[in-house]
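Coordinate inspection notes
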Amino acid sequence: MRRSPKKTIVTIVAAVALAAGIGGAYAYWSADGTGSGTAATGTSSSITVNQTSTITNLHPGDGPQTLSGNFDNANDSPVFVESVGVTVVDTDQTGCDASDYTIGGSAVVHAEIPVGPGQGSWSGLTIQFNNKPGVNQDACKLATVNLAYASN
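Residues numbered from 1 in each chain as written. Predicted model: local features only at pLDDT ≥ 70, side-chain atom pairs only at ≥ 80, totals over all residues. Heavy atoms only, no water.

**Brief notes about the pattern of salt bridges**
To be explicit about the condition: Any carboxyl oxygen of Asp or Glu within 4 Å of a side-chain nitrogen of Lys or Arg constitutes a salt bridge here. Labels follow the DSSP assignment, with helices taken as runs of H or I lasting at least four residues and strands as runs of E lasting at least two, numbered in each case from the N terminus. A 1.4 Å probe rolled over the protein chains alone gives each residue an accessible area, and that area as a share of the maximum for its type sets the label: buried under 20%, exposed over 50%, partly exposed in between.
According to the stated counting rule, one finds two salt bridges in the structure shown. Here lysine 132 and aspartate 100 are joined by a salt bridge, their closest N and O atoms 3.0 Å apart. Residue lysine 132 is found in the loop between strand E6 (116–129) and strand E7 (145–151), and its partner aspartate 100 is found in the loop between strand E3 (79–91) and strand E4 (101–105); the two are separated by 32 residues along the sequence. Classification of lysine 132 as partly exposed rests on a relative accessible area of 25%.

Structure representation (structure tokens):
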């Protein structure tokens, strides 16, 4: 049987189209390329150190009282705290100052503080009223001692 030239041409065109399609797919899947991109890291905000212990009746000759507390972490993720420190800033009484008080101890936390208010805990710091023999310390009666806390 004889083939018509029209059928032969259709068969050749179909074979060429099929081969071109396979070659195109092969080139697409095996293509090499390069590119670039970026990523950004965030930062954390400071956390707030809270004192939850109530210190009352500090007086000359008294022993140290324990300071303790927790943290407010307003960040989007936990924040690592190594320790807490405190200093006496001043008092609300003239003639009574930071030299009338001693801060002692240490507050090692060494923990991640979860997100939110009142998280984690710290303790181990103390405050004591200094007994200054021969010095009238009446100016410190009923004084409010202002403390400044810092974490690192």
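**Brief notes about the sheet that holds E7**
Rule in force here: Any two strands with at least two DSSP-identified bridges between them are counted as paired. Only C-alpha atoms enter the line fits that serve as axes; for helices the fit covers just the stretch in contact. Angles between N-to-C directions range over 0 to 180 degrees.
Strands sit in the order E5-E3-E7 across an open sheet of three strands; the sheet is antiparallel. Looking at which strands have only one partner, the edges of the open sheet turn out to be strand E5 (107–113) and E7. Neighbour-to-neighbour, the strand axes of this sheet turn through a mean angle of 35°, independent of strand direction. Note that E3 and E5 share five bridges and pair antiparallel. Within the sheet, the bridge partner assigned to phenylalanine 80 lies in E5 and is glutamate 112.

**Structural notes on the state of the cysteines**
Note the threshold: Sulfur atoms of two cysteines make up a disulfide when they are within 2.5 Å.
Taken as a whole and judged by the stated rule, the model has one disulfide. Two residues share a disulfide in this structure: cysteine 96 and cysteine 140, whose sulfurs sit 2.0 Å from each other. One quick way to see it: the torsion about the S-S bond of cysteine 96 and cysteine 140 is about 105°, and its sign makes the bridge right-handed. Here the residue cysteine 96 occupies a position in the loop between E3 and E4, and cysteine 140 occupies one in the loop between E6 and E7, the gap between them amounting to 44 residues. Like cysteine 96, the residue cysteine 140 is buried in the burial classification.

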